[in-house]
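Listed below are the residues making up each chain.
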Amino acid sequence: MELRLTALAEFDLIEAQDFYAPKGNWVLTHFMNSISEAMDDLGKFAGIHPIRYGHHCMPVPHFPFSVYYDIENETILVKAVLDNRFGPARIAAHFGPIWVKDEEPR
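The shown structure was predicted, so the numbers you read here are calculated from the model rather than taken from an experiment. (Residues numbered from 1 in each chain as written. Predicted model: local features only at pLDDT ≥ 70, side-chain atom pairs only at ≥ 80, totals over all residues. Heavy atoms only, no water.)

Novice: Which parts of the structure should I look at to understand the overall build of the chain?
Specialist: A tally of regular secondary structure across the chain gives three helices and five strands. Listed N to C, the secondary structure of the chain is β-α-α-β-β-β-β-α in terms of helices and strands. A compact globule built from 106 residues should have a C-alpha radius of gyration of about 13 Å, and the chain, at 14 Å, falls within 12% of that. C-alpha extents for the chain along the principal axes are approximately 45 × 30 × 20 Å. Split into buried and exposed, the 106 residues of the chain put 37% on the buried side. Within the chain, residue pairs in contact and separated by at least 24 positions form 45% of the contacts whose partners lie at least 6 positions apart. Roughly 6700 Å² of accessible area belongs to the chain as shown, and the carbon and sulfur atoms make up 56% of that amount. (Helix = DSSP H or I, 4+ residues; strand = E, 2+ residues; numbered from the N terminus. Rg over C-alpha atoms; globule rule 2.2 N^0.38 Å. Buried < 20%, exposed > 50% of the residue type's maximum accessible area, 1.4 Å probe, protein only. Contact = heavy atoms within 4.5 Å. Areas by Shrake-Rupley, 256 points an atom, 1.4 Å probe, with all protein chains shown as cover.)

Below, the structure is given as structure tokens:
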């Protein structure tokens, strides 16, 4: 399967890098290695993770982050990479309004 990141997911990773950079180069390197490991695992195990906020949700090893993704045809589309310490309202707002499938948006 092909793995693609949305612009929003790329922005999430930049924000996370900005958060970890002042804590030391080794922390930032460890974080980026963990993200890389998670993306590799996603290519192997896509679809087995629980759905949260309308998207599959896979934890990132060693860090309090999760990767939110969808599977469209033969593509894994990473929608967001978010800090698990964010509150539920902030995580839900990150994805915009959510409505029931087959129901018109309000």
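Novice: I would appreciate a short explanation of helix α2 (residues 25–45) in the present structure.
Specialist: In an α-helix, one turn spans 3.6 residues; hence positions three or four apart end up facing the same way. Over its 21 residues, α2 extends 30 Å from the first C-alpha to the last, a length consistent with the 30 Å expected when each residue adds 1.5 Å. What α2 keeps buried is the set Val-27, Leu-28, Phe-31, Ser-34, Ile-35, Ala-38, Met-39 and Leu-42. End-on view of α2: buried residues confined to an arc of 140°, all on one side of the axis. In this structure, α2 carries Asn-25, Trp-26 and Lys-44 as exposed residues pointing more than 90 degrees from its buried face. Buried-residue contacts for α2 involve β1 (2–5), α1 (7–20), β3 (55–59), β4 (65–72) and β5 (75–83). Where α2 ends, the next residue or the one after it, Gly-47, has phi of about 100°, a positive value. (Expected span 1.5 Å × (residues − 1). Arc of directions from axis to C-beta.)

Novice: Quick question: what am I supposed to make of the sheet that holds β1 here?
Specialist: Each strand in a sheet pairs with another by means of backbone hydrogen bonds, the pair being arranged parallel or else antiparallel. Here five strands make up an open sheet; going across it, the order is β1-β5-β4-β3-β2 and the pairing mixed. In this open sheet, the two edge strands, each paired with only one partner strand, are β1 and β2 (51–52). Sheet topology places β4 next to β5; eight bridges connect them, and they run antiparallel. Bridging from a neighbouring strand, Phe-65 pairs with Asp-83 of β5. (Pairing = 2+ DSSP bridges.)

Novice: Help me understand the pattern of salt bridges in this model?
Specialist: Oppositely charged side chains are able to pair whenever their charged atoms sit close together. Scanning the model with the defined rule gives two salt bridges in all. For the salt bridge of Lys-79 with Asp-70, the shortest nitrogen-to-oxygen distance reads 3.8 Å. We note a salt bridge from Asp-83 to Arg-85, for which the minimum N-O separation is 2.7 Å. Among the residues examined, Asp-83 registers a relative accessible area of 9% and is labelled buried. (Salt bridge = Lys/Arg side-chain N within 4 Å of Asp/Glu carboxyl O.)

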